[in-house]
Amino acid sequence: MNNVNQTLAKTFILLGLSNTPGLQLIFFLLFLLMYTTTLSGNLLLIIMVRLHTSLQTPMYFFLSNLAFIDICFSSTIVPKLLASTISNNREISFVGCAMQMYFHLALGAAECLILAVMAYDRYIAICKPLQYNTIIDKKLCLSLVSGSWTFSFFICMVQAVLTFQLPFCKSNHLNHYFCEMPPLFRLSCKDTWINEIVVYIGGGIIALCSFILTLLSYVHIISTILNINSIKGRQKAFSTCGSHLTVVSLYYGTIMFMYFRPQSLYSPNRDRAVSILYTVVTPMLNPIIYSVRNKDFTGTIKKAISFKLNNKYV
């Protein structure tokens, strides 16, 4: 047994995406472009909602929170990925790894809950439009958002603490580009069945419950839309939900694949590809999907650009 196997890991080496110099440069430029797009797209959405009163509605309040989560979520992973891709130093400290895993879990959980809250908001808007302003008031919005953040950060603390109490003595080479539970479990020389059960319970409480609530909301929404006699009314109702459904499908599909399966089905190369979808691609696509499919948002941006251009040439 070599020295690595005899001692507990105090640092981890992230194996990353590739060791080929040419591919490393391509990956660096690609992820830098996606990260820049994520930051600019989500920041633009937040700024537009803050500056324009026409967008200061419950739906955009929840959407702004989603945009902020996406910025933080991507920022816990991508900067380290960029640094390790372009340099030869792929080392991450034990504490740094723990913090990265905890925040990525907590922010991912918060996104699940916010998506469920947004589905509930659309359910009330479409199924109970006359009661919308009474039910979805400012107090409820703040309660739903603060509750989502608090619950996510609390429940994920349990998972992070249990994971980093494991003895990592098989190796300190983490076959991934960031600190995530499935590859970390494989480095432990202790049976991880308790940790896996905790993952399933935590995932069931947050991801699965959020998904079920979202699904139930859309069952009622679609049923209500189908009962609308006007074709134009149906199209308008579907357009307000289409972007949210697209984001939900992409996000939950990748999350469930990663965390709701036996560890025996773990495949490093496949899991890295799937992880890229929800850590890098989804945060980048969210503001694009919502802005392109939302006429209110695109209309506000066009008015803002038109106003600035008119003032410039006056």
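Residues numbered from 1 in each chain as written. Predicted model: local features only at pLDDT ≥ 70, side-chain atom pairs only at ≥ 80, totals over all residues. Heavy atoms only, no water.

This brings us to the overall build of the protein. Along its length, the protein carries 12 helices and 3 strands. Counting every position in the protein, which comprises 314 residues, the buried fraction comes to 48%. In the protein, once contacts between residues fewer than 6 apart in sequence are set aside, the share between residues at least 24 apart is 79%. For the protein, the exposed surface amounts to about 15900 Å²; the carbon and sulfur share of it is 67%. (Helix = DSSP H or I, 4+ residues; strand = E, 2+ residues; numbered from the N terminus. Buried < 20%, exposed > 50% of the residue type's maximum accessible area, 1.4 Å probe, protein only. Contact = heavy atoms within 4.5 Å. Areas by Shrake-Rupley, 256 points an atom, 1.4 Å probe, with all protein chains shown as cover.)

Applying the stated criterion across every chain yields a total of 15 aromatic pairs. Counting every residue linked through ring pairs, the aromatic cluster contains Phe68, Tyr102, Phe103, Trp149 and Phe153. (Phe/Tyr/Trp six-rings, centres within 6.5 Å; stacked < 30°, edge-to-face > 60°.)

A separate point is the environment of Ile26. Within the secondary structure layout, Ile26 lies in helix H2 (residues 21-51). The exposure class assigned to Ile26 is exposed, which follows from its relative accessible area of 52%. Sequence-wise, Ile26 and Thr85 are 59 residues apart; in three dimensions their C-alpha atoms are separated by 9.7 Å.

Turning our eyes to something else, we now look at the UniProt feature "transmembrane region" (unreviewed entry) in the protein. According to UniProt, the "transmembrane region" (unreviewed entry) feature falls on residues 25-47, 59-82, 102-120, 140-162, 197-216, 237-260 and 272-292. A distance of 27 Å separates the end C-alpha atoms of residues 102-120, which is 100% helix and 0% strand. Secondary structure content for residues 197-216 is 100% helix and 0% strand, while the C-alpha to C-alpha distance between its ends is 26 Å. (UniProt positions renumbered as here; feature names shortened; annotations may be inferred.)

This part is about the packing of helix H3 (residues 58-75) against helix H5 (residues 94-127). Their axes nearest at 10 Å, the elements H3 and H5 cross at an angle of 165°. One way to sum up the angle between H3 and H5 is to call them roughly antiparallel. The element H3 and its partner H5 pack so that their crossing is left-handed. Contacts between H3 and H5 involve Pro58, Met59, Phe62, Leu63, Leu66, Ile69, Asp70, Cys72 and Phe73 from the first element and His104, Leu107, Gly108, Ala110, Glu111, Ile114, Leu115, Val117, Met118, Asp121 and Arg122 from the second. Class assignment of the residues belonging to the contact of H3 with H5 gives a composition of 14 nonpolar, 2 polar and 4 charged. (Axes fitted to C-alpha atoms, helices over the stretch in contact; angles between N-to-C directions. Parallel < 35°, antiparallel > 145°, perpendicular 65-115°, else oblique. Left-handed = near helix turned anticlockwise from the far one by under 90°. Nonpolar A, V, L, I, M, F, W, Y, C, P; charged D, E, K, R; others polar.)

In this model H2 runs 44 Å from its N-terminal to its C-terminal C-alpha over 31 residues, within 8% of the 45 Å that 1.5 Å per residue would give. Looking at H2, one finds that the buried residues are Gln24, Phe28, Phe31, Met34, Tyr35, Thr38, Gly41, Asn42, Leu45, Ile46, Met48 and Val49. (Expected span 1.5 Å × (residues − 1).)

Note: predicted coordinates in regions of low pLDDT should not be interpreted at a detailed level. The pLDDT averaged across the protein works out to 81; a share of 82% of its residues lies at or above 70. For residues 1-7, every residue scores under 50 in pLDDT, and the model assigns this stretch 10 contacts once sequence neighbours within four places are set aside. (pLDDT = per-residue confidence, 0-100.)

The subject of this paragraph is the state of the cysteines. What is meant by a disulfide is a covalent connection between two cysteines, made through their sulfur atoms. For the coordinates displayed, the defined rule picks out 2 disulfides. Two residues share a disulfide in this structure: Cys97 and Cys179, whose sulfurs sit 1.9 Å from each other. Residues Cys97 and Cys179 share a disulfide whose torsion about the S-S bond is about -125°; that sign makes it left-handed. Taken together, the residues Cys97 in helix H5 and Cys179 in the loop between strand S3 (173-174) and helix H8 (181-185) connect sequence positions 82 residues apart. Residue classification places Cys97 among the buried residues on the basis of a relative accessible area of 0%. Paired by a disulfide, Cys169 and Cys189 hold their sulfur atoms 1.7 Å apart. As the torsion about the S-S bond is roughly 130°, the Cys169-Cys189 disulfide counts as right-handed. Within this pair, whereas Cys169 is found in the loop between helix H7 (138-163) and S3, its partner Cys189 is found in the loop between H8 and helix H9 (193-226), the two being separated by 20 residues in sequence. A relative accessible area of 10% places Cys169 in the buried class. (Disulfide = S-S within 2.5 Å.)

It is worth spelling out the side chain of Gln159 at this point. Among the secondary structure elements, Gln159 is positioned in helix H7. Here Val198 takes part through its backbone oxygen, which lies 3.4 Å from a polar atom of the side chain of Gln159. If near-sequence neighbours (up to four positions away) are discounted, Gln159 is found in contact with Met101, Leu105, Met181, Val198, Val199, Gly202 and Gly203. (Polar contact = N/O pair within 3.5 Å; in protein donor to acceptor, adjacent residues only side chain to side chain.)

In this section: the pattern of salt bridges. Throughout the structure, instances matching the rule amount to 1 salt bridge. Note that Asp121 is salt-bridged to Arg122, the shortest N-O span being 2.9 Å. Arg122 carries the same exposure label as Asp121, and that label is buried. (Salt bridge = Lys/Arg side-chain N within 4 Å of Asp/Glu carboxyl O.)

Here we take up the nonpolar core. Leu115 and Leu184 are the most contacted members of the largest nonpolar core, which totals 83 residues. Ranked by residue count, the leading element in this core is H5, at 19 residues. Once residues within four sequence positions are removed from consideration, Leu184 is found in contact with Phe12, Cys97, Met101, Thr163, Phe164, Phe168, Leu174 and Cys179. (Core = buried A, V, L, I, M, F, W, Y, C linked by side-chain atoms within 4.5 Å.)

In this section: the packing of H7 against H9. Taken N-terminus to C-terminus, the directions of H7 and H9 make an angle of 170°; their axes are 10 Å apart at the nearest point. Between H7 and H9, the crossing angle belongs to the class labelled roughly antiparallel. Residues Phe151, Ile155, Gln159, Leu162 and Thr163 of H7 touch H9, and the partners they reach there are Asn195, Val198, Val199, Gly202, Gly203, Ile205 and Ile206. For the contact of H7 with H9, the per-class residue count stands at 7 nonpolar, 5 polar and no charged.

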